[in-house]
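Structural description and commentary
Next come the chains, spelled out residue by residue.
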Amino acid sequence: MSASTLPAPPETRRERLPLSGLLALSTAVFITVITESLPAGLLPGMRASLGVGEAAMGQAVTVYAVGTALTVIPLSSLTAGWRRRPVLLLAMAGFVAANTVTALSADYLLTMGARFVAGTAAGLSWALMVGYARRLAPKGMEGRAIAIVMAGIPLALALGVPAGTFIGGFLGWRESFGVMSALAVLSIVWITLAVPDFPGRRPGQRTPVARAVAIPGVAAVLAVIAAYVVAFNVLYTYIAAFLERFGMGGAVDRVLLVFGVAAIASIWITGAQIDRRLRRLTIGAAILTAGAAALLAVAADSPALVYVAVALWGLGHGGVPTLLQTAAGQAGAKAADTVQAVVVTLWNAATAAGGALGGLLLVQFGPLSLAWTVVILGVPVLLVALGARRHAFPSASGSPSGSASSSASSALP
């Protein structure tokens, strides 16, 4: 046989990301974020219908976060040995039930109870998301997989919350929650068809919480999460009330759309650069967020500058969930599953604290105090990110999903 007739060596095929499965997970994230944030855009209608004040209705976000914070670690432990897809489907069924009750409820306490259940479902799903993304991705592409899943956050803020706000204004706030129930049903179908199942963890694989938090770098990332998330929710939870006080109550959906579109651009940049510039992106996000809040505080009477400030805010915020969860996973390495449960708990405790603090500030000091609080809390965020250059936000970041994630893959949820 001549050389010309020898069969050519098979080409090495480049592995591809399983986009359908990752997008199904991103849709689940999308639903959790809209369900959590939707009352921020519907607050005036909800409080009028249920007969409560602004601060009381703002606790619809707070109680959701409390539900997540209180239950994520015990539920993660309880379901650790279960196969992963049934746990995720159970969480999405929780959203169907909770949003349906919210849509039908005429009682404030019943609504708060449904919001707590929704938060519990969120905690169960969030404890799975990062680990699921890593296990679905080919080796060396885990960071991009996480970015795709986390894209559900800015998409929810860009499209979901403004669309829900529009539906609430056009048809009613109850219809907005009804739509969320329908989306959760569709998500259940998509997950069943596109997301593979994985086994749970064997007994003895879970790292104790205290030991995980003591890993160098983890505490610094958690400190940044606490300060940043409180700051974000102080303002975002009451953004409709803020705009209403300065004559822009009719523009809430458009303002949220500007915020979300900028957030989408942010997560696109983050997904492209996170493997090489985790530290720079985190510091840049902290600066942009604080600067945007300062502009919002000094220019609240100018609609044009409000839109500019909100666009800068979205650009700063969009990639933050991916950045901080990647930093936590990278620092936590072999204890990534436990670190993720702690991150979800802290994130939602901080969300609840931000909603409660925002309500107090709004009542006692007025809307401008919300924006200035973001600026004040931005200082420790920036200082910790700048100082934690060795373990939490290293100057020379390799692949945040490479060495750290691959070493932890066997222990991921």
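The structure contained in this document is the topic of the report that follows.

Rules used throughout
- Residues numbered from 1 in each chain as written.
- Predicted model: local features only at pLDDT ≥ 70, side-chain atom pairs only at ≥ 80, totals over all residues.
- Heavy atoms only, no water.
- Phe/Tyr/Trp six-rings, centres within 6.5 Å; stacked < 30°, edge-to-face > 60°.
- Helix = DSSP H or I, 4+ residues; strand = E, 2+ residues; numbered from the N terminus.
- Buried < 20%, exposed > 50% of the residue type's maximum accessible area, 1.4 Å probe, protein only.
- Core = buried A, V, L, I, M, F, W, Y, C linked by side-chain atoms within 4.5 Å.
- Contact = heavy atoms within 4.5 Å.
- Salt bridge = Lys/Arg side-chain N within 4 Å of Asp/Glu carboxyl O.
- Axes fitted to C-alpha atoms, helices over the stretch in contact; angles between N-to-C directions.
- Parallel < 35°, antiparallel > 145°, perpendicular 65-115°, else oblique.
- Left-handed = near helix turned anticlockwise from the far one by under 90°.
- Nonpolar A, V, L, I, M, F, W, Y, C, P; charged D, E, K, R; others polar.
- Patch = residues over 30% accessible without salt bridge, like charges linked within 9 Å, V, L, I, M, F, W, Y side chains within 5 Å.
- Areas by Shrake-Rupley, 256 points an atom, 1.4 Å probe, with all protein chains shown as cover.
- Lys, Arg positive; Asp, Glu negative; His and termini not counted.
- Charge placed at Lys NZ, Arg CZ, Asp CG, Glu CD.

Concerning the packing of aromatic side chains
Enumeration according to the criterion identifies nine aromatic pairs in this entry. Ring geometry for Phe232 against Tyr236: centres 5.1 Å apart, planes inclined by 15°, an arrangement best described as stacked. With Phe232 and Tyr236 both in helix 9 (residues 218-236) and four residues apart, the pair spans about one turn of that helix. Given a relative accessible area of 11%, Phe232 falls into the buried group. Taking 4.9 Å as the distance between ring centres and 70° as the angle between the ring planes, the aromatic pair formed by Phe259 and Trp313 counts as edge-to-face. Taken together, the positions of Phe259 in helix 11 (residues 252-298) and Trp313 in helix 12 (residues 303-317) put the pair 54 residues apart, joining distant regions of the chain. According to the relative accessible area criterion, Phe259 is buried, its value standing at 1%. In this structure Trp313 comes out as buried when scored by relative accessible area, which is 4%. Through a chain of ring-to-ring contacts, three or more aromatic side chains come together here, namely Phe232, Tyr236, Phe259 and Trp313.

Considering the nonpolar core
Membership of the largest hydrophobic core comes to 123 residues, with the highest contact counts inside it found for Met150 and Phe393. Counting residues per element, this core draws most heavily on helix 1 (residues 19-50), which supplies 15 residues. The contacts of Phe393, once residues within four sequence positions are left out, are Val221, Val224, Arg279, Thr282, Leu324, Ala327, Ala385 and Ala388.

As for the side chain of Thr68
Locating Thr68 in the fold gives a position in helix 2 (residues 54-78). Accessibility expressed as a relative area gives 0% for Thr68, which makes it buried. Beyond its immediate chain neighbours, meaning those up to four positions away, Thr68 contacts Gly119, Thr120, Ala122, Gly123, Val344 and Asn348.

Notes on the pattern of salt bridges
Between side chains of opposite charge, pairing is possible as soon as their charged atoms come close. Throughout the structure, instances matching the rule amount to one salt bridge. Notably, a salt bridge pairs Asp197 with Arg83, separated by 2.7 Å at the nearest N-O pair. Of this pair, Asp197 sits in the loop between helix 7 (173-194) and helix 8 (209-213) while Arg83 sits in the loop between helix 2 and helix 3 (84-104), and the two are 114 residues apart along the sequence.

Details of the packing of helix 9 against helix 13 (residues 320-332)
Close contact between helix 9 and helix 13 brings their axes to 9 Å; oriented N to C, the two are set at 160°. Judged by the inter-axis angle, helix 9 sits roughly antiparallel to helix 13. Here helix 9 and helix 13 pass one another in a crossing that is left-handed. Contact residues: Val218, Val221, Val224, Ile225 and Tyr228 in helix 9; Val320, Leu324, Ala327, Ala328, Ala331 and Gly332 in helix 13. Residue composition of the contact of helix 9 with helix 13, by class: 10 nonpolar, one polar and no charged.

A look at the side chain of Ser187
Position of Ser187 among the secondary structure elements: in helix 7. Taking the relative accessible area as the measure of exposure, Ser187 reaches 1% and is therefore buried. Those residues in contact with Ser187 that sit more than four places away from it in its chain are Thr27, Ala28, Ile31 and Met92.

Quick look at a positive patch on the surface
On the surface, Arg144, Arg276, Arg277 and Arg280 cluster together into a patch of positive charge. Among the elements that take part in the positive patch, helix 11 stands out by supplying three residues, more than any other. Looking at the secondary structure, you find Arg280 in helix 11. In this structure Arg280 comes out as exposed when scored by relative accessible area, which is 64%.

What to know about the environment of Arg85
Turning to its location among the elements, Arg85 is positioned in helix 3. Taking the C-alpha atoms as reference points, Arg85 and Pro196, separated by 111 residues in sequence, lie 7.2 Å from one another. The contacts of Arg85, once residues within four sequence positions are left out, are Tyr132, Ile191, Thr192, Val195, Pro196 and Asp197.

Some thoughts on the environment of Trp372
Its location among the elements puts Trp372 in helix 15 (residues 368-387). Judged by relative accessible area, which is 38%, Trp372 ranks as partly exposed. The spacing of Trp372 and Ala297 is 75 residues in sequence and 6.5 Å in space, taken between C-alpha atoms. Excluding anything up to four places from it in sequence, Trp372 contacts Ala294, Ala297 and Val298.

Scope: geometric values only; no functional claims are made or implied.
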